[in-house]
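# Observations on the three-dimensional arrangement
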Amino acid sequence: MEKYKAKLEEEKNLLEEELKSLGKFDSETNDWEASPESEVSHQDVLDEGDMSERAEDYEERSSKLNTLESRLNDIKHALSLIGTENYGICEVCKNKIEEERLEVNPSARTCESCMEKVI
Ligand SMILES: [Zn+2]
């Protein structure tokens, strides 16, 4: 169990670093927000092309942020279960998740066969 915990902590740190580089945590909504182009001064005159490029950039950051955030939530969830008898239990069929699967993905919420069903 300890090895999974270490792995999860490590992945959590990495994800948080990455999230911080893309946006910031909003403690009011409990959500990560992609940061607007704050480094760009509003006094700068931007032409249209520049503006739409920036908007796309923001969209891209937002979607990447959402992906990272859901992974982070899975990891937090797994960390909250680790040390309890609920860790490593498939959320769908309530059987044990395969060791090999946890090795690769310690934040897995389903066993191998349920994962296929879910997808
Ligand atoms: Zn299952």
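In this convention, every chain numbers its residues from 1, walking through the sequence in written order. Local features are withheld for residues below a pLDDT of 70 in this predicted model, meaning they are given only at 70 or higher, and side-chain atom pairs are given and counted only at 80 or more; totals for whole chains, interfaces and linings count all residues. Heavy atoms from the whole structure form the basis of all side-chain values; hydrogens and water molecules are not counted.

## With respect to the overall build of the chain
Our working definition: What counts as a helix is a DSSP run of H or I of at least four residues, what counts as a strand is a run of E of at least two, and both are numbered from the N terminus. Per-residue accessibility, obtained with a 1.4 Å probe over protein chains only, is compared with the maximum for each type, and a residue is labelled buried under 20%, exposed over 50%, and partly exposed between these values. The contact criterion used is simple: two residues touch if any of their non-hydrogen atoms lie within 4.5 Å. The protein chains shown are the only cover counted for residues, whose accessible areas, like all others here, come from Shrake-Rupley with a 1.4 Å probe.
Broken down by element type, the chain carries four helices and two strands. Shown N-terminal to C-terminal, the secondary structure of the chain runs as helices and strands in the order α-β-β-α-α-α. For the chain, buried positions account for 28% of its 119 residues. In the chain, of all internal contacts separated by at least 6 residues, the share reaching a separation of at least 24 is 54%. Carbon and sulfur atoms make up 48% of the accessible area of the chain, which amounts to about 8,400 Å² in all.

## As for the coordination of the zinc ion
Here is the rule: Coordinating donors are taken as N, O and S atoms within 2.8 Å of the metal, stretched to 3.2 Å for Na, K and Ca; because water is absent from the atoms, sites can appear incomplete. Between 85 and 135 degrees for all angles marks four donors as tetrahedral; over 155 degrees for opposite donors together with 65 to 115 for all other angles marks four donors as square planar and six as octahedral; every other arrangement is irregular.
For the zinc ion, every protein donor is listed as Cys90 (SG), Cys93 (SG), Cys111 (SG) and Cys114 (SG), and the spread of their distances is 2.2 to 2.3 Å. If you look at the zinc ion, its four donor atoms make angles of 105 to 118 degrees with each other, and the shape they trace is tetrahedral.

## Description of the packing of aromatic side chains
Which entries qualify depends on this criterion: Pairing of aromatic rings covers Phe, Tyr and Trp, the last through its six-membered ring, and needs centres within 6.5 Å; plane angles under 30 degrees mean stacked, over 60 mean edge-to-face, and all others mean tilted.
Applying the stated criterion to the full structure yields two aromatic pairs. Ring centres of Tyr4 and Tyr87 lie 6.0 Å apart, and the angle between their planes is 45 degrees; on these two criteria the pair is classed as tilted. One end of the pair, Tyr4, is in helix α1 (residues 2–22); the other, Tyr87, is in the loop between α2 (48–81) and α3 (99–104), and 83 residues separate them in sequence. Exposure class is identical for Tyr4 and Tyr87. Each is buried.

## Focus on the nonpolar core
Formally: Within this scheme, the nonpolar core is defined by two criteria: the residues are buried Ala, Val, Leu, Ile, Met, Phe, Trp, Tyr or Cys, and they are joined through side-chain atoms within 4.5 Å. Bear in mind that the domain bounds are from an automatic or database domain assignment.
Counting residues in each nonpolar core, the largest one holds 20 residues, and the members touching the most others are Leu8, Leu19, Tyr87 and Leu102. If you list the elements that add at least two residues to this core, you get α1 and α2. Among the elements that line this core, the one with the most residues is α2, at six residues. For this core, the two domains that each supply at least three residues are domain 1 (1–37 + 47–84) and domain 2 (88–119). Sequence-distant contacts of Leu19, that is, excluding residues within four places in its chain, are made with Trp32, Leu65, Leu68, Glu69 and Leu72.

## Here's the deal with the pattern of salt bridges
Any two side chains of opposite charge can pair, given that their charged atoms come close. Selection criterion: Salt bridge criterion: a side-chain nitrogen from Lys or Arg within 4 Å of a carboxyl oxygen from Asp or Glu.
For the structure shown, the criterion picks out seven salt bridges. Where Arg109 meets Asp74, a salt bridge forms, and the shortest distance between an N and an O atom there is 2.6 Å. Here Arg109, found in the loop between α3 and α4 (112–118), pairs with Asp74, found in helix α2; they are 35 residues apart in sequence, far enough to count as distant. With relative accessibility at 25%, the residue Asp74 sits in the partly exposed group. We note a salt bridge from Glu91 to Arg109, for which the minimum N-O separation is 3.1 Å.

## Things to note about unusual backbone geometry
In this model, Asn30 sits at a positive phi of 60 degrees, which is unusual for a non-glycine residue. Overall, Asn30 belongs to the exposed group, its relative accessible area being 57%.

## Quick word on the pairing of strand β2 (residues 31–34)
Stated formally: Here, strands pair whenever DSSP counts at least two bridges between them.
Because side chains alternate across β2, one face comprises the buried residues Trp32 and Ala34, and the other comprises Asp31 and Glu33, none of which is buried. One ladder, built from four bridges, connects strand β1 (residues 23–26) with β2; its direction is antiparallel. The residue bridging Phe25 from the neighbouring strand is Trp32, located in β2. Remark: four residues form the turn of the hairpin made by β1 and β2, two consecutive strands paired antiparallel; Asn30 in that turn has positive phi of roughly 60 degrees.

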